[in-house]
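# Working through the structure, step by step
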Amino acid sequence: MKITIVYDNSAVSQGLIADWGFSSLIETEDAPPILFDTGADGATLIHNMQQLGIAPDSIGVIVISHRHGDHTGGLSYILEANEHAVIYVPSSIGMRLPGRKVISVSQPVKISETVFSIGELNYTEQSLAVKTSKGILVLTGCSHPGVGAILDAASKYGTVYGIIGGFHGFREFSRLEGLSLVCPCHCTQYTSEIQGLFPDQYVACGAGLEIEL
Ligand SMILES: [Zn+2]
Ligand SMILES: [Zn+2]
């Protein structure tokens, strides 16, 4: 199982563009690649995908975390190059894409054998729970419903091993105790505090980061 950060406010690999927004790719053995969020700018997303060797038409599923433009901006660019991907959107987004298979998510839903949407929390945002050999890995866009609520919902799938994504203004840092991997990305406001409190669990996020579990 591999997670690649495709789009982020920072970049950790040469040749990748850093820009405000978030997108990541989940590769598992049981299903075609899943793109979680699409960044803000389609040209930047496609550039970073090319640099990472990710072909847009290889993507089987696109999951949009929530309606904000820094997560949805690249969607139309991907769809231009990919006619078959199934698209999971939170019900609050009200997205209509004629001719496309769009699944509106409110309750938790199984996306593949190992990847689950924890459902739309607060009628706002969905996050993913990915089953790995080490436990549940949580992927989150902006965490508008709150990191604590997201971890609670994800823990229904098993013991949470780690969390990757935007934490926004989250500062209930004790909620991260017990995790083995903490990778605050994108809109996280208290990254340095999190790094200071969890130096062994902390992983610096940025476009180009690859995490294999
Ligand atoms: Zn965002
Ligand atoms: Zn947002």
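About the cut-offs
- Residues numbered from 1 in each chain as written.
- Chains lettered and ligands numbered in written order.
- Predicted model: local features only at pLDDT ≥ 70, side-chain atom pairs only at ≥ 80, totals over all residues.
- Heavy atoms only, no water.
- Helix = DSSP H or I, 4+ residues; strand = E, 2+ residues; numbered from the N terminus.
- Rg over C-alpha atoms; globule rule 2.2 N^0.38 Å.
- Contact = heavy atoms within 4.5 Å.
- Lys, Arg positive; Asp, Glu negative; His and termini not counted.
- Charge placed at Lys NZ, Arg CZ, Asp CG, Glu CD.
- Donors = N, O, S within 2.8 Å, 3.2 Å for Na, K, Ca; no water.
- Tetrahedral: all angles 85-135°; square planar, octahedral: opposite > 155°, others 65-115°.
- Pairing = 2+ DSSP bridges.
- Axes fitted to C-alpha atoms, helices over the stretch in contact; angles between N-to-C directions.
- Buried < 20%, exposed > 50% of the residue type's maximum accessible area, 1.4 Å probe, protein only.
- Salt bridge = Lys/Arg side-chain N within 4 Å of Asp/Glu carboxyl O.

## Describing the overall build of the protein chain
Within the protein chain one finds five helices and 13 strands. Taken over the C-alpha trace, the protein chain has a radius of gyration of 15 Å; the compact-globule value for 213 residues is 17 Å, and the two agree within 12%. Seen through its C-alpha atoms, the protein chain measures out along the principal axes to roughly 45 × 40 × 30 Å. Of the contacts formed within the protein chain by residues at least 6 apart in sequence, a portion of 53% connects residues at least 24 apart. Of the side chains in the protein chain, 11 bear a positive and 21 a negative charge, and the two mean positions are spaced by 8 Å.

## As for the coordination of the zinc ion (ligand 1)
Coordination of the zinc ion (ligand 1) by the protein comes from Asp-70 (OD), His-71 (NE2), Cys-142 (SG) and His-186 (NE2), over a distance range of 2.1 to 2.3 Å. For the zinc ion (ligand 1), the four donor atoms are set out with angles of 87 to 156° between them, so the coordination reads as irregular. Written as a sequence motif, the donor residues of the zinc ion (ligand 1) are D-H-x70-C-x43-H.

## Brief notes about the sheet that holds strand β11 (residues 160–166)
Read across the open sheet, the six strands follow the order β7-β8-β9-β10-β11-β12; overall the sheet is mixed. With one partner strand each, in any of the chains shown, β7 (109–110) and β12 (181–185) form the two edges of the open sheet. Two elements, strand β8 (residues 115–121) and strand β9 (residues 125–132), share five bridges in a ladder whose sense is antiparallel. Following the sheet pairing, Glu-120 is matched in β9 by Gln-126. Helix α4 (residues 147–154) rests against β8, β9, β10 (135–140) and β11 of the sheet, and its axis sits at about 135° to β8.

## Structural notes on α4
For an α-helix, 3.6 residues make a turn, and residues three or four places apart therefore share a direction. Burial runs high along α4: six of the eight residues are buried. Within α4 the residues assigned to the buried category are Val-147, Gly-148, Ile-150, Leu-151, Ala-153 and Ala-154. Buried-residue contacts for α4 involve β8, β9, β10 and β11.

## Points about the pattern of salt bridges
A complete count under the given rule lists three salt bridges for this structure. The partner of Glu-113 in a salt bridge is Lys-110, with the nearest N and O atoms 3.3 Å apart. On the accessibility criterion, Glu-113 (52% relative accessible area) is exposed. Between Arg-175 and Asp-152 there is a salt bridge whose closest N-O contact spans 2.7 Å.

## Structural notes on unusual backbone geometry
The backbone of Asp-37 shows a phi angle near 70°, a positive value even though the residue is not glycine. Counting through the fold element by element, Asp-37 comes out in the loop between β3 (34–36) and α1 (42–52). Here the phi dihedral of His-168 falls at roughly 55°; this positive angle occurs in a residue that is not glycine. Position of His-168 among the secondary structure elements: in the loop between β11 and β12. Note on His-168: relative accessible area 32%, which makes it partly exposed.

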